[in-house]
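Summary of structural features
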Amino acid sequence: MVFPSWSGAVVPAYRGMVVEVPLHLGAMPGAPGADLLRDALVRFYDASPVVRVADGGAPGEILLDRSAPADDGMELFVFGNAGGWHARLVARLDNLGKGASGAAIQNLNLMAGLTETDGLVLPNL
């Protein structure tokens, strides 16, 4: 069983959130590698107008840049260790956008039969 962990950090930013889920790949059936997990996420979110899965390269900075425009989208990252037995699934989002308010708009759109992205700000997708 996988349990998410939370580690608080104080940074000079007024918005932005990084959520991590550590995975012990060796304990999973078939012991999948980080690349296999990333590929599965890419396939699952391929048509999503809101979620983007980052390629295997490491980002310059995982925290939301202070000057970044408001964004109702979310980026997913998969990081694996050199031995291949651990991975971290990381989500980066603008909690003042994709947080509760953006998610509420997205869900109301779906419930009302509207386009999922109506009223959302998605500059990076």
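Everything discussed here concerns the structure shown above.
Below is a summary of the structure that appears in this document. (Residues numbered from 1 in each chain as written. Predicted model: local features only at pLDDT ≥ 70, side-chain atom pairs only at ≥ 80, totals over all residues. Heavy atoms only, no water.)

1. Considerations on the overall build of the chain
The number of helices and strands found in the chain is 2 helices and 4 strands. Put simply, the chain runs from its N terminus to its C terminus through helices and strands in the order β-α-β-β-β-α. Looking at the chain as a whole, 27% of its 125 residues qualify as buried. For the chain, the proportion of contacts with a sequence separation of at least 24, taken over those separated by at least 6, is 60%. By element, 61% of the accessible surface of the chain is carried by carbon and sulfur atoms, the whole surface being about 8,000 Å². (Helix = DSSP H or I, 4+ residues; strand = E, 2+ residues; numbered from the N terminus. Buried < 20%, exposed > 50% of the residue type's maximum accessible area, 1.4 Å probe, protein only. Contact = heavy atoms within 4.5 Å. Areas by Shrake-Rupley, 256 points an atom, 1.4 Å probe, with all protein chains shown as cover.)

2. So, the pairing of strand β3 (residues 74–80)
Buried residues dominate β3, accounting for 5 of its 7 residues. In the sheet, strand β2 (residues 51–53) pairs with β3 via 3 bridges, with the strands oriented parallel. Note on β3: the bridge partner recorded for R52 is E75. Bridge count between β3 and strand β4 (residues 86–93): 7 bridges; the pairing is antiparallel. Following the sheet pairing, F77 is matched in β4 by V90. (Pairing = 2+ DSSP bridges.)

3. A short note on helix α2 (residues 100–111)
Helical geometry note: an α-helix holds 3.6 residues per turn, so side chains three or four residues apart project in the same direction. If you check α2, its first and last C-alpha atoms are 16 Å apart, about what 12 residues at 1.5 Å a residue would give, namely 16 Å. For α2, every residue scored as buried is listed here: G102, Q106 and N109. In an axial view of α2, the angular spread of the buried residues amounts to 60°, which keeps them on one side of the axis. When the buried face of α2 is taken as reference, the exposed residues oriented beyond 90 degrees from it are A100, L108 and M111. G113 occupies a position one or two residues after α2 and carries a positive phi of about 75°. (Expected span 1.5 Å × (residues − 1). Arc of directions from axis to C-beta.)

4. A word on the sheet that holds β4
If you walk across this open sheet you meet the 4 strands as β1-β4-β3-β2, and the pairing is mixed. What marks the edges here is a single partner per strand, and that holds for β1 (17–24) and β2. Between one strand axis and the next, the sheet turns through 20° on average, direction left out of account. Helix α1 (residues 34–45) rests against β1, β2, β3 and β4 of the sheet, and its axis sits at about 160° to β3. (Axes fitted to C-alpha atoms, helices over the stretch in contact; angles between N-to-C directions.)

5. A closer look at the environment of L23
Residue position: L23 is located in strand β1. Overall, the relative accessible area of 8% leaves L23 in the buried class. Residues L23 and A34 lie 11 residues apart in sequence; the distance between their C-alpha atoms is 9.6 Å.

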